[in-house]
There are 2 protein chains.
Amino acid sequence: MTEAEDRRTQILDAAFEEFSTKGFKGATIKSIAGAAGVQSPALIYHYFPDKEALFNAVLETHAPIRSAVEDPTTFMDRPPEEVLPEIARAYFATVSNPVAQRMMKLMVGEALRRPSLAEVLGRATVARILDSLKKYLSRQVELGRLRPHDVRSSARAFVGMLVPQAAGRIFLPALREDGLTDKEHIETAVGIFLEGLRPER
Amino acid sequence: MTEAEDRRTQILDAAFEEFSTKGFKGATIKSIAGAAGVQSPALIYHYFPDKEALFNAVLETHAPIRSAVEDPTTFMDRPPEEVLPEIARAYFATVSNPVAQRMMKLMVGEALRRPSLAEVLGRATVARILDSLKKYLSRQVELGRLRPHDVRSSARAFVGMLVPQAAGRIFLPALREDGLTDKEHIETAVGIFLEGLRPER
DNA sequence: CAGTATTGACAGAACGTTCAATCAAGGATA
DNA sequence: TATCCTTGATTGAACGTTCTGTCAATACTG
């Protein structure tokens, strides 16, 4: 469409769209070519060796989205009453981004069938987020702002608390029916979490 | 294999296995026939009109698994210190059941691509569990055992807290590496939740 | 004119599905 | 009891379609 992006990018964008909505098997080279606005599927093989390579290229192209929640040094010493709502807001902001939504559908959908992708998704994304959260929570226990506890568990609990609401946004519209907003959920859920880990005086 | 179960059941079992590991598109009639131990794919069409019907039959066959967490009347008035760990244990027991695991992979994997399935999964399963949990939590607030709060949010938070640990069991083995056991996680996570909702004296 | 981009046509394989034919078992008939 | 007939189960082969990937020819661009 736009003249600025070249054919390769057009194909990658179309492939991303097709793969994320139909899955690797469900998306066809023909449908991708059509969505990319090229006349012949053969052109795709001019830019990519085969379907699998195109799929990997799509993943690599959108990989940077993972680095959303990073830079743990800046918030390490700030109090959880500030940091945790911030993380939650950033989380929901990411989840509300249509591109990120497609990426999650794509990754989860394929990781369910491909152990190698599950490994990447688990280690490079989820475990990374959990690790940085564990470090932060440990630090806060150290500082006496949270009571001592197993941070492996609290890190899971914190990100987990946000998951059903996020799932409602991404692929389970039925969960939206009780009208709970992201903001309300952050307030209540983070409140429970903080209150539950408040150090005893 | 066993003589007791008839052909139809053999085919359904094999189809369940194939669909859950490879997805609807990835599983072929031929591979299902092979897994079911029948010589010809044609036989499948003797028992089911087409692939789609076979898929639906598989879903219906394993639908009862959803009714695991039901019967809200029995625990409605029992204290959360007992009930919540029980629910969590039941949850992890379900998640550890290989058949239930396959069912979840299948439902989630296909619901990501089929809005109609997402509707069923959301409404008939997830929303149902959340609703019964909301009712229970409301009742406990009424009884003064939990402080007043938005139960839409706390219900999500409670089941959500368990999700990452469950995901580790089902399809993200990387999450198991820090060695947190289900029991430990229940203890810590439920502890945070209860402490976070303790009524102020 | 050289090199790249793009195309239509096409080959080979796999897929879902259909079909005619075979087989095993049981009931009816004599 | 011996024979026929019906019925459902099962199979191998085949059909039409679709998919991935190849190729040679053409259009475009510097």
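Structure's up top.
Residue indices begin from 1 for each chain and proceed along its sequence in written order. As a convention, the first chain written is A and the first ligand written is 1, with the rest following in written order. The predicted origin of the model limits local features to residues at a pLDDT of at least 70 and limits the giving and counting of side-chain atom pairs to 80 or more, whereas totals for whole chains, interfaces and linings rest on all residues. Side-chain numbers here rest on the full set of heavy atoms in the structure, without hydrogens or water.

(A) Local environment of the overall build of chain A. To qualify as a helix, a DSSP run of H or I must reach at least 4 residues; to qualify as a strand, a run of E must reach at least 2; elements of each kind are numbered from the N terminus. When you go through chain A residue by residue, the secondary structure sums to 10 helices and zero strands. The N-to-C order of helical and strand elements in chain A reads α-α-α-α-α-α-α-α-α-α. Along the longest, intermediate and shortest principal axes, the C-alpha atoms of chain A span 70 × 35 × 35 Å. The rule is simple: take the accessible area with a 1.4 Å probe, protein chains only, and divide by the maximum for that residue type; under 20% is buried, over 50% is exposed, in between is partly exposed. By the burial criterion, 48% of the 201 residues in chain A qualify as buried. Sequence-distant contacts in chain A: of pairs separated by 6 or more residues, those separated by 24 or more amount to 68%. Using a 1.4 Å probe, accessible areas were evaluated by the Shrake-Rupley method; residue-level cover was limited to the displayed protein chains. Entry remark: accessible area of chain A is about 9,600 Å², with carbon and sulfur atoms responsible for 55%. Charged residues are defined here as Lys and Arg on the positive side and Asp and Glu on the negative side; His and the ends of the chain fall outside this count. Taken as the charge location is NZ of Lys, CZ of Arg, CG of Asp or CD of Glu. Of the charged side chains in chain A, 27 are positive and 27 negative, and the gap between their average positions amounts to 4 Å. We call two residues in contact when some of their heavy atoms are within 4.5 Å.

(B) Broad picture of the relation of the copies chain B and chain A. We superpose the copies by least squares over the C-alpha atoms of residues that have a pLDDT of at least 70 in both of them. Mapping chain B onto chain A is achieved by rotating through 180 degrees and translating by 0.0 Å along the same axis, at an RMSD of 0.1 Å. What we have between these two chains is a two-fold relation. Taking C-alpha positions as the reference, the residue of chain B nearest the rotation axis is glycine 196 of chain B, at 1.8 Å. Interface overlap between copies: 100% of the residues of chain B at the interface are likewise at the interface in chain A, consistent with a symmetric, same-surface contact.

(C) Fine view of the packing of aromatic side chains. Note on ring pairs: Phe, Tyr and Trp rings are taken, using the six-membered ring of Trp, and paired if centres are within 6.5 Å. Classes follow the plane angle, with under 30 degrees stacked, over 60 edge-to-face and the rest tilted. Evaluated as defined, the whole model comprises 12 aromatic pairs over all chains. Above the ring of phenylalanine 24 of chain A, the side-chain terminus of lysine 51 of chain A is found at 4.6 Å from the ring centroid. Here, over-ring charges are defined by two tests on the NZ atom of lysine or the CZ atom of arginine: distance to the ring centre within 6 Å, and angle to the ring normal within 35 degrees.

(D) Quick look at the protein's contact with DNA strand C. Around DNA strand C, 15 residues are found, and the nearest of them are Gln39, His46 and Tyr47 of chain A together with Tyr45 and Lys51 of chain B. Within 4 Å of the protein, atoms of DNA strand C come from sugar and phosphate in 69% of cases. Residue arginine 7 of chain A places a side-chain N or O atom 3.0 Å away from a phosphate oxygen belonging to DNA strand C. Any pair of N or O atoms that falls within 3.5 Å is considered a polar contact. Within protein, one atom must be able to donate a hydrogen and the other to accept it, and sequence-neighbouring residues count only if both atoms are side-chain atoms. At 3.1 Å from a base nitrogen of DNA strand C is found a side-chain nitrogen or oxygen belonging to serine 40 of chain A. Gly falls in the polar group here, along with every residue not listed as nonpolar (Ala, Val, Leu, Ile, Met, Phe, Trp, Tyr, Cys, Pro) or charged (Asp, Glu, Lys, Arg). Across the surface near DNA strand C, the residue classes break down as eight nonpolar, four polar and three charged. Think of it this way: one heavy atom of a residue within 4 Å of a molecule or strand is enough to make that residue near it.

(E) Fine view of the interface of chain B and chain A. Counting residues at the interface gives 56 residues for chain B and 56 residues for chain A. Salt-bridge detection follows one rule: a side-chain nitrogen of Lys or Arg within 4 Å of a carboxyl oxygen of Asp or Glu. Along the contact surface separating chain B from chain A lie 10 salt bridges. In terms of residue class, the side of chain B that touches chain A is made up of 25 nonpolar, 15 polar and 16 charged.

(F) Expanded view of the environment of lysine 25 of chain B. By the secondary structure assignment, lysine 25 of chain B is in helix H1 (residues 7-26). Under the relative-accessibility criterion, lysine 25 of chain B is labelled exposed at 54%. C-alpha of lysine 25 of chain B to C-alpha of aspartate 50 of chain B: the two residues are 25 residues apart in sequence and 13 Å apart in space. Setting aside residues up to four positions removed in sequence, lysine 25 of chain B forms contacts with Lys25 and Gly26 of chain A together with Lys51 of chain B.

(G) Main features of the protein's contact with DNA strand D. Tyr45 of chain A together with Gln39, Ala42, His46 and Tyr47 of chain B are the nearest of the 15 residues found near DNA strand D. Considering the 4 Å shell around the protein, atoms of DNA strand D inside it are sugar or phosphate in 68% of instances. Side-chain polar atom of serine 40 of chain B to a base nitrogen of DNA strand D: 3.1 Å apart, as the coordinates give it.

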